[in-house]
Amino acid sequence: MKKLIITLGQDLSAYATIEVPAETDLSDESLAAIARKAVEDEGTVFDEDWSTVNALRIVLVQDEKGQTIRSDIPVESSCYEGGAALQLFLKGGIGVEALVNSAMKAKLIDPARNGAEVAAIAAQADLLAAAEAALARLKEWSDFAPEIGLLEAAISRVKGRSS
């Protein structure tokens, strides 16, 4: 009888306690270096906190030969997914629509309750970004001076500023 192997995953917090001299430099940089050293060089052991477990997911579905059939299937939503998508958005890696879709997929936004409103906002934000890009291009050509003023005024109105 053939079998499949399913690897499950969950996220949880883990904590460790270390001691440092009282006169330790408490700047962010110094504390970060102490934390890195404790983990990388000193092998500090972390104790898991099972009360924080969340984000059940299927990591892999494999056949008996170890061939991956499916992977990365969320069973429960995770707040970390929204954070990762937001980081990508802020770095320009994805657009607003992809950000909203990611939040809906992670069940951080309930499409049944407010998904349509959020999708409309996302589309408007993408349209605003396109208008601003068009404005930047128009400014390169002086022949479009009247259109530049109209487009600047429209963008200002959409952003909530008076023109």
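Residues numbered from 1 in each chain as written. Predicted model: local features only at pLDDT ≥ 70, side-chain atom pairs only at ≥ 80, totals over all residues. Heavy atoms only, no water.

## Considerations on the overall build of the protein chain
Helix and strand counts for the protein chain stand at five helices and three strands. The burial tally for the protein chain puts 17% of its 163 residues in the buried class. Counted over contacts in the protein chain with a minimum sequence separation of 6, partners at least 24 positions apart contribute 54%. Taken as a whole, the protein chain presents about 12200 Å² of accessible surface, with 57% of it coming from carbon and sulfur. (Helix = DSSP H or I, 4+ residues; strand = E, 2+ residues; numbered from the N terminus. Buried < 20%, exposed > 50% of the residue type's maximum accessible area, 1.4 Å probe, protein only. Contact = heavy atoms within 4.5 Å. Areas by Shrake-Rupley, 256 points an atom, 1.4 Å probe, with all protein chains shown as cover.)

## Side note on the nonpolar core
Counting five residues, the largest nonpolar core consists of Val 96, Val 100, Ala 103, Met 104 and Ile 109. When residues no more than four places from it in sequence are discounted, the contact partners of Ala 103 are Leu 108 and Ile 109. (Core = buried A, V, L, I, M, F, W, Y, C linked by side-chain atoms within 4.5 Å.)

## Some points on unusual backbone geometry
As a rule of thumb, non-glycine residues mostly have phi less than zero, and peptide bonds are mostly trans rather than cis. Even without being glycine, Ala 55 reaches a positive phi, approximately 60°. One can find Ala 55 in strand β2 (residues 47-62). Ala 55 gets classed as buried once you look at its relative accessible area, which sits at 2%. For Asp 72, which is not glycine, the phi torsion reads 55° and is therefore positive. Within the fold, Asp 72 resides in strand β3 (residues 68-74).

## A few points about the confidence of the model for the protein chain
Per-residue pLDDT for the protein chain has a mean of 80; in total, 75% of the residues score no lower than 70. The least confident element of the protein chain, judged by mean pLDDT, is helix α4 (residues 111-138) at 67; the most confident is helix α1 (residues 28-40) at 94. (pLDDT = per-residue confidence, 0-100.)

## A word on the environment of Ala 35
Counting through the fold element by element, Ala 35 comes out in helix α1. Along the chain, Ala 35 and Ile 18 lie 17 residues apart, while their C-alpha atoms are 8.8 Å from each other.

## Looking at the pattern of salt bridges
Applying the stated criterion to the full structure yields two salt bridges. Between Glu 42 and Lys 37 there is a salt bridge whose closest N-O contact spans 3.0 Å. (Salt bridge = Lys/Arg side-chain N within 4 Å of Asp/Glu carboxyl O.)

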